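Coordinate inspection notes
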Amino acid sequence: MQLSRRKFLKAAAAAAALSAAGVSTDILGLAGDAGADPGGIRWTKAPCRFCGTGCGVMIGVKNGRIVATRGDPQSPVNRGLNCIKGYFLAKIQYGKDRLTMPLIRKNGGMAEASWDEALDLIASRYSEALDRYGPESVAMFGSGQWTIWEGYAASKFVKGGMRSNNLDPNARFCMASAVAAFMRTFGKDEPMGCYDDFEYADTFFTWGANMAEMHPILYSRLTDRKMKFIHVRHVDLGTQVTRTSSSADIMILFKPQTDLAVANAMANVLISEGYVNEEFVSRHVAFKKGLQDLPYGLEINGKNDGGAGFRDKAGTVDFEEYKRFVSKYTPEYASRLSGVPAGKIVEIARLFGDPARKTLSLWTMGMNQHTRGVWINHLVYNLHLLTGKISGPGNGPFSLTGQPSACGTAREVGTFAHRLPRGVVMNPAHRAFAEKIWKLPPGTINPKPGYHSVEMARAFDRGDIKCLWVMCNNYFQALPNVLRYRAGAKKEGRFLVVSDPYPTRSTELADVVLPTAMWVEKAGAYGNAERRTQFWEKAVDPPGESKSDLWQIIEVAKRMGYGRLFEYNLAEYDGKMEKALFEEYRKFGKGAGKDLAPFDVYSKVRGLRWPVVDGKETLWRYREGYDPYVKKGQGFYFYGNKKKTGGRANIWLCPYAPPPEQPDKEYPLWLCTGRVLEHWHSGTMTQRVPELHRAVPEAFLSMNADDAAGLGIKTGDRVRVRTRRGEVTLRAVIDGRNKPQKGLVFMPWFDEETTRMANNLTLDAYDPISKQADFKKCACRVEKV
Amino acid sequence: MSKRSINILLAVFILVLSVSVYGCITIRKQAATAGGAILIPGTLEGAPPFIPHDVEDEQACPDCHRLGENEAVITPHPDRVNCVQCHITQDMSVKPFVENTF
Ligand code: SF4
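Of the residues lining the interface, 35 residues belong to chain B; the matching set on chain A comes to 45 residues. Taken together, both faces of the contact between chain B and chain A bury some 3,300 Å²; the carbon and sulfur share is 61%. Taken together, chain B and chain A are joined by two salt bridges. Note that Arg243(A) and Glu58(B) form a salt bridge whose closest N and O atoms lie 2.7 Å from each other. On inspection of chain B and its partner chain A, the count reaches 12 residue pairs in polar contact (both at pLDDT 80 or more). Each residue belonging to the side of chain B that touches chain A can be placed in one class, and the counts come to 18 nonpolar, 10 polar and seven charged.

Charged atoms that come close allow side chains of opposite charge to pair. Residues and elements named next belong to chain A. Scanning the entire structure with this criterion turns up 61 salt bridges over all chains. The shortest N-O distance in the salt bridge between Asp312 and Arg184 comes to 2.9 Å. Taken together, the residues Asp312 in the loop between β14 (303-304) and β15 (315-317) and Arg184 in helix α5 (residues 176-186) connect sequence positions 128 residues apart. On the accessibility criterion, Asp312 (21% relative accessible area) is partly exposed. Since its relative accessible area comes to 15%, Arg184 is described here as buried. Notably, a salt bridge pairs Arg609 with Glu617, separated by 3.2 Å at the nearest N-O pair. Via salt bridges that share partners, Glu299, Glu455, Arg458, Asp461, Arg462, Asp464, Arg484, Lys491 and Asp764 belong to a single interconnected network.

What follows concerns the pairing of strand β21 (residues 524-527) of chain A. All names here are of chain A. Neither face of β21 is left uncovered, since the one carrying Gly524 and Tyr526 and the one carrying Ala525 and Gly527 both have all their residues buried. Relative to strand β22 (residues 532-536), β21 runs antiparallel, the two sharing four bridges. Residue pairing for β22: Gly524 is matched across the bridge by Trp536.

It is worth spelling out the domain arrangement of chain A at this point. Residue and element names in this part refer to chain A. Partitioning chain A into structural domains gives domain 1 (2-91), domain 2 (103-174 + 405-600), domain 3 (184-402 + 649-653) and domain 4 (669-784). Look at where the C-alpha atoms of domain 2 and domain 3 centre, and you get two points 33 Å apart. In this complex, domain 2 contributes 18 residues to the contact, which on the side of domain 3 involves 23 residues. Buried surface at the junction of domain 2 and domain 3, summed over both partners, amounts to about 1,600 Å²; 39% is from carbon and sulfur atoms. Inspection of the region where domain 2 meets domain 3 yields four salt bridges. Of the charged contacts, one joins Arg484 and Glu299 as a salt bridge, the two residues approaching to 2.8 Å between their closest N and O atoms.

Let's shift gears to the packing of aromatic side chains. Residues and elements named next belong to chain A. Within this structure, the stated rule accounts for 52 aromatic pairs over all chains. On the basis of an interplanar angle of 70° and a centroid distance of 5.3 Å, the ring pair of Phe186 and Tyr381 is categorised as edge-to-face. One end of the pair, Phe186, is in helix α5; the other, Tyr381, is in helix α14 (residues 373-387), and 195 residues separate them in sequence. Centre to centre, the rings of Tyr195 and Phe198 are 6.3 Å apart; their planes meet at 75°, and the pair counts as edge-to-face. For the pair Tyr195 and Phe198, a shared accessibility class is recorded, and that class is buried. Members of the aromatic cluster, each reached through a chain of ring pairs, are Phe182, Phe186, Phe280, Trp363, Tyr381, Tyr622, Tyr629, Phe636, Tyr637, Phe638 and Tyr639. For Arg422, the ring lying beneath its charged end belongs to Phe433, and the centroid distance is 4.3 Å.

Attention now moves to the site of the ligand. All names here are of chain A. Around the ligand, the neighbouring residues are Cys48, Phe50, Cys51, Thr53, Gly54, Cys55, Asn82, Cys83, Lys85, Gly86, Pro216 and Ile217. Among the cavities detected, the one that contains the ligand is the second largest cavity. Secondary-structure elements contributing two or more residues to the shell around the ligand are α2 (84-87) and α7 (216-228). Split by residue class, the shell around the ligand holds seven nonpolar, four polar and one charged.

Before going further, it helps to spend a moment on the sheet that holds strand β7 (residues 167-169) of chain A. Residues and elements named next belong to chain A. Strand order in the open sheet made by the seven strands is β5-β4-β20-β19-β18-β6-β7, with mixed pairing throughout. Either end of the sheet is taken by a strand with one partner, and the two such strands are β5 (109-112) and β7. When strand polarity is set aside, the average angle formed by the axes of neighbouring strands in this sheet is 20°. Both strand β4 (residues 103-106) and β5 contribute to a ladder of four bridges, which runs antiparallel. Across the sheet, Leu103 pairs through a bridge with Glu112, a residue of β5. Sheet contacts for helix α4 (residues 148-161): β6 (138-142), β7 and β18 (467-471); angle to β7, the most-contacted strand, approximately 150°. Along the sheet, helix α17 (residues 453-462) makes contact with β6, β7, β18 and β19 (495-500), crossing β6 at roughly 140°.

We now examine the layout of surface pockets. Think of a ball as big as a water molecule: rolled over the atoms, this probe shows where empty space is left. Residues and elements named next belong to chain A. By volume, the second largest pocket amounts to about 1,400 Å³. Secondary structure elements with two or more residues in the lining of the second largest pocket: α24 (690-695), β26 (700-703) and β28 (727-734). It is β28 that provides the largest number of residues to the lining of the second largest pocket, a total of four residues. Of the residues belonging to the lining of the second largest pocket, the class tally is 17 nonpolar, 15 polar and 17 charged. Mapping the lining of the second largest pocket onto the domain boundaries places at least three of its residues in each of domain 3 (184-402 + 649-653) and domain 4 (669-784).

This part covers a negative patch on the surface. A contiguous patch of negative charge, built from Asp54(B), Glu56(B), Asp57(B), Asp63(B) and Glu69(B), is present on the exposed surface. Looking at the element boundaries, Glu69(B) is found in the segment after α2 (61-65).

This part covers the packing of helix α3 (residues 115-133) of chain A against helix α20 (residues 549-559) of chain A. What describes two packed helices is the angle between their axes and the distance between those same axes. Residue and element names in this part refer to chain A. Where α3 meets α20, the closest approach of the two axes is 9 Å, and the angle between their N-to-C directions is 60°. Taken together, the axis directions place α3 and α20 in an arrangement best described as oblique. The interaxial crossing formed by α3 with α20 has right-handed handedness. Across the interface between the two elements, Trp115, Asp116, Leu119, Asp120, Ile122 and Ala123 of α3 pack against Trp551, Gln552, Glu555, Val556 and Arg559 of α20. Here the residues of the contact of α3 with α20 sort into six nonpolar, one polar and four charged.

Further remarks concern the nonpolar core. All names here are of chain A. Ranked by size, the top nonpolar core spans 123 residues in total, and within it Leu468 and Phe476 carry the most contacts. Tallying contributions element by element places helix α8 (residues 259-272) first for this core, with 10 residues. Apart from the residues lying within four places of it in its own chain, the contact partners of Phe476 are Phe460, Leu468, Val470, Val482, Tyr485, Arg486, Ala489, Leu496, Arg505, Ser506, Leu509 and Met757. Ranked by size, the runner-up nonpolar core spans 65 residues in total, among them Ile104, Ala113, Leu550 and Val612.

Calculation notes
Residues numbered from 1 in each chain as written. Chains lettered and ligands numbered in written order. Predicted model: local features only at pLDDT ≥ 70, side-chain atom pairs only at ≥ 80, totals over all residues. Heavy atoms only, no water. Contact = heavy atoms within 4.5 Å. Buried area = accessible area lost by both parts, 1.4 Å probe. Salt bridge = Lys/Arg side-chain N within 4 Å of Asp/Glu carboxyl O. Polar contact = N/O pair within 3.5 Å; in protein donor to acceptor, adjacent residues only side chain to side chain. Nonpolar A, V, L, I, M, F, W, Y, C, P; charged D, E, K, R; others polar. Helix = DSSP H or I, 4+ residues; strand = E, 2+ residues; numbered from the N terminus. Buried < 20%, exposed > 50% of the residue type's maximum accessible area, 1.4 Å probe, protein only. Pairing = 2+ DSSP bridges. Domains from an automatic or database assignment. Phe/Tyr/Trp six-rings, centres within 6.5 Å; stacked < 30°, edge-to-face > 60°. Lys NZ or Arg CZ within 6 Å of the ring centre and 35° of its normal. Near = heavy atom within 4 Å. 1 Å grid on protein atoms, 1.4 Å probe; cavity = no way out; pocket = protein on both sides within 12 Å on 5 of 7 lines; lining within 4 Å. Sits in = over half its atoms within 2 Å of the grid points. Axes fitted to C-alpha atoms, helices over the stretch in contact; angles between N-to-C directions. Points joined across faces, edges and corners; volume = space filled by probe spheres on them. Patch = residues over 30% accessible without salt bridge, like charges linked within 9 Å, V, L, I, M, F, W, Y side chains within 5 Å. Areas by Shrake-Rupley, 256 points an atom, 1.4 Å probe, with all protein chains shown as cover. Lys, Arg positive; Asp, Glu negative; His and termini not counted. Charge placed at Lys NZ, Arg CZ, Asp CG, Glu CD. Parallel < 35°, antiparallel > 145°, perpendicular 65-115°, else oblique. Left-handed = near helix turned anticlockwise from the far one by under 90°. Core = buried A, V, L, I, M, F, W, Y, C linked by side-chain atoms within 4.5 Å.

And the structure:
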C-alpha cells in the first residue's frame, strides 16, 4: 500500500492516540492487506496455522499462489518474529499429494467421485443410522484447528440438526483438563491474563512445558524478559531436561505423576511459612473437596472402570480443613514420592510466594495430558489463589494451548460432547437459550451428553456408533492405544468419513474422503491462548475440487433436511456465510463475559482479546480497573462463580494418586510422548515441507545416558520400544535436545510411519473429570535391535 | 567521511533495521558448506539461514556467532538466545517425504 510519509506519520499519531484510548487501531487500513508491492506481490494477514501462540504472519500472493510468508511486524503477539514452522508456512499447502477429488471406497479401493455423489452418500448413511439406531449412533470428531465458524456450524449441525451430542474435538487430547479445572475454579474457562504478563513477571514457573519447542515465540518473550532484567528467575519443573530448561535457574526433575505431591507440598510451605495473602483468601476464595478416589477410564476385560460416565461430587469445606489436608504433604513426604530434594521444594515455594515478586505459571501438555489432569491444574491455581497472585500484570496461572484455535473454537464455541456455545446440554436453560437463537422448537436439543474422544473410538469399535466423520485432525494416528481403534474402524458396518487436505493414517481407513481447503484457501478465524480472536481473508483458491469444512458441513446438513439451520439473508451480511454465522454466534457470549466485537472489526485489527466491551479489549479478567465486569470497590470478582459462591474462586483439595500403569520388571521404563519444534501434531503438514522434514526426518527415542549405557545403546543405534499394546522401532538419541531423567524415555508422535507411530505404545487411560487422555505416562521396555 | 562510506553505512543501517523489523530475515541466500559435510540449497525468501554444519551443543552457538570466532557468520541479533528456534540443520541424505510444488 502506498502511503506518503506525511500521511503515514499522521496515521501513526492517530493510531497511537486511539490505542491510548483503548479503541482498536488500524482503522486506516494499515493492516497491510491492501495493495501490491513493487514485485507484484499482494500481502495479506493471517494467524499462523500451527500452535496456540497465534503469531501473526504476512502472506505474499502472486498469480494465485503463495510466494512468501513472513512474521507480521504489526502483530502484538510476535512482533515480526516466527519460529521455524512459521517461516515455512508458505509451503504447507503445496505438498504434491494434495487431495483434489472426493474419494469413495468401492470394491476395496478408493474411486474418485463427484461432490454430489459423495455428499449424497454421507447424508443417506447418516440419515439411515439416525432412523434405525437414533442420534447416539452418529458422530463427528472435530478439532481445535477448525475455524470459529466451522466449529459453530458443526455444533449447529450435530446438536441442532441431528439432535446428537456425539461431537467432540481433538482438544480432548490437548487441554480438556485445563478447561474443566478453570470451570471448577473460576466458573469460566480460559486464562485471566494475557501475553503482556511475560513483560511483567519476575518469576516464571514452567510446569512440564517445553515452551522453547512448543510455544517458541512465547518462550522468546520469556527469555527476553530474563535477559533484560537480572532479577528475573525461571523455575522449570518436568520429567526431563529440555531446551526450555536452558534458561532455568532452578531445575526440578520429578518422577512422573508426582507433580501432584510437589504442588501440594509447595502449598504446605506457603501456609506454614506465612506466605498466604490472608486478605485475598478471606475475601475472594472458597474451599472445595471432591471425591478422592477416582477411576482411570480404562477398560478392564471389556468393562469400563467407571471413568466414562464419572461425575464428581463436591462439597464445601473451610480453610482449616484445607490446611490439615496439605499438612500431610511435607517437603520430605513429597520428596520421597517425587525424588525432588525437600530443600528444593521449600526454595521454589518461597520464590513463588515472595510478595515482592510477580509469579507467572505456564503449562500445557505435561499437566493436561494426565490421568489426574484436573487435579494438577487445580493444585497450581491453589498456589496462585493462596498468594493472591492472579489477575494482574505478571501474576497468574497461564494455561497455554497447543492448537491455533483450541480456545477460539473448541472451548469458546464449545464443540464438546456436553457443551453448547453457552453452557452445557444438561442444563434446560442453556438448551432453551440455544434453541431460541437457533430458531428451533423447544426440546430439540438432546439433554444427554455424547461420547467423548476415547469413548467415541470405543463406541465405534463396539459398533454403537455407526457413522463417524473426522474433520481437521488425524484421529487414527492421534488416539492413544491407536492400534486397537484402527482395527475397530476396519470392522464391518462402520461408516467413516474423513475430511483432509492430504492423505493420512485416518483417510486410509475411510469409506469417504473429502478433499479440504486449508488455512488461507478459505476465510477463517482463530482464537489464541490469550483470548485473542484473529481473522483472515481467503488468499488463494484451493486446489482441484477441494472445499472448506464449512461448505462440507452445510452441504451435508442441507441434504439431511437441516438446511434451515444455515438459511440467512446473506445480503445483510455482505454475502458472507462466515459473517452471518459469526454475528449469530456472538449473541451467545454477549453480556456473559465473552463479548466479541462485530465481524467487520476483526477484519481490520490484529485480533482483540475478549471480552470486548464498548470496543475495548480486556487484558486481565476478574480485576477491578481492567475487566468491565468488575465494579469499583470489588477489587477482584470471579463472576463466573456469582451464583455458586458469590464470586469467589475455589481452592480444591486434591491428593496425590498413583498412575494406572507404572514401570515394573517386564516393562521397566517410563514412556513419555510429545512433540518437536519442527513438526506439528501428526506431521501431515510439516512433513510435507522439505526443510522441516530434513531437519527431523523421523521419530527418535531420547534416552537417559545411564539407561542407554546399561542397555549397551549408543546414539544412532536402532532400538525397539515395546509396551503392553504395541511396539515401534526407532533410532536412539542420547544427550540430544531432550535429556530424560533416569528411568524415562521420550519419543515424538509426528511420524506417520506405522513402525514408528508413538500411539502404538500409549495407554488409553484418561482423567475421569475432564476425560482427557494421558499420553505422557505408561510403562515400556527398550532393547537394541 | 566520503559519500561512498556514508552510503555503505546507510545500507548497513537499513539492513540491520530490516532484520530487526522482520525477525530472522535472510540477508543473502545461503549456499555455504562449512565443516565440509552438508550442502544446503537456497532457503526460502524471508526464512532464517540454515545451520550448515553439525551441531554438538545447541547452547553453544553464541560462542562463535556472537563475535565471529572460527570464521563464523556474526549474528545480527545477539539478543536472541534460542538460536535453534529459527535456525535448523538439514540432512540432505534424507529421502523427500513427498515432493513440494511451492
Ligand atoms: S510460535 Fe506457534 S504460532 Fe508462532 S510461528 Fe511458531 S508455530 Fe506459528
